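# Structural characterization, general
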Amino acid sequence: MKSNAIPKHVAIIMDGNGRWAEKRSLPRSVGHIAGVKNIDIITDYLFNLGVNTLTLFAFSTENWNRPINEVDGLLLLFKNYLIEKVPDLIKKNIGFNVFGDISFFDEETQSLIQQYSLVNSDKCLNICFNYGGRSEIIRAINSFVDKSCVSEAELRSALYTKNLPDPDVLIRTGGEHRISNFLLFQIAYSEIYFIDTLWPDFSTDELQNILNDYAITDRRFGKI
Ligand code: FPP
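Residues numbered from 1 in each chain as written. Predicted model: local features only at pLDDT ≥ 70, side-chain atom pairs only at ≥ 80, totals over all residues. Heavy atoms only, no water.

### Remarks on the overall build of the chain
Basically, it comes down to this: Put simply, DSSP H or I for four residues or longer makes a helix, DSSP E for two residues or longer makes a strand, and each gets a number counted from the N terminus. The cut-offs for exposure are 20% and 50% of the maximum accessible area for each residue type, with area from a 1.4 Å probe on protein chains only; residues under the lower value are buried, those over the upper are exposed, and the others partly exposed. Accessible surface is estimated by sampling points in the Shrake-Rupley manner with a 1.4 Å probe; for residues, cover comes only from the protein chains shown.
A count of helices and strands for the chain gives seven helices and six strands. Order of helices (α) and strands (β) in the chain, N terminus to C terminus: β-α-α-β-α-β-α-β-α-α-β-β-α. Once the C-alpha set of the chain is aligned to its principal axes, its extents read approximately 50 × 45 × 35 Å. Put simply, the chain has 224 residues, and 47% of those count as buried. About 11600 Å² of surface is accessible on the chain, with carbon and sulfur atoms providing 53% of the total.

Structure follows, in structure tokens:
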């Protein structure tokens, strides 16, 4: 047994907003609104605890295939998040990045994202929006077209995560046991927790249970 204490980087697949709303006979959009409220709670908890990096999967490259009103609702929530919530993070000296192809967003959204990503801090919240793990790797490889050989360090430097450490802990809420194209390169040695609770109901108590388990996990990284 080994004490890992506090993870440096936590990544979360926030699944279950739609089912949370459907269980209450509410539109799925209400589930996404509840999901954003829980982002605030979980983010505060983790940064207060001393976690440096938090990466949240909010919208995948495949999510464009959802009904147009759900996609529009998620885009609007994202823009409101950038306008209403991110300035508070920056005031608390937490940096902010968006991982994904931001060229799909309107100009105001793109310029907010670019402006926030200039903030330098040892803590950061990364929101993956219009993100796919495979496209991230392909994008990185394409940045080396003139090279015959690329080292792991070079490939890493071309990923969205650049010089951030890999996630120590990956949590997926909502009961599904899959990775869904999230951080495919970076989670090679992450401790993975699949939790049945739907994202809007995922509590700081459940999160702390995961962190307690992580703290006593023997991480071998392929060694014995
Ligand atoms: C999955 O629920 C959740 C998402 C599509 C991503 C999470 C999105 C949010 C928390 C809101 C938007 C985020 C920001 C940063 C503004 P689902 O719809 O797949 O739920 P289901 O599996 O129950 O259908």
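### Some details on the pairing of strand β2 (residues 53-60)
For a regular strand, side-chain orientation follows a simple rule: the groups alternate between the two sheet faces. Note the threshold: At least two bridges found by DSSP between two strands are what make those strands a pair.
Most of β2 is tucked away, with seven of its eight residues classed as buried. Relative to strand β4 (residues 124-131), β2 runs parallel, the two sharing seven bridges. What sits directly across from L54, in β4, is L125.

### Observations regarding the sheet that holds strand β1 (residues 9-13)
Defined as follows: Here an axis means a line fitted to C-alpha atoms, over the contact stretch when the element is a helix, while the angle between two N-to-C directions is reported on a 0 to 180 degree scale.
In space, the six strands of this open sheet follow the order β3-β4-β2-β1-β5-β6, with parallel pairing throughout. Taken across any chain shown, the strands that pair with only one partner, and hence form the sheet edges, are β3 (95-99) and β6 (191-194). Put simply, the sheet's adjacent strands are angled 20° from each other on average, direction ignored.

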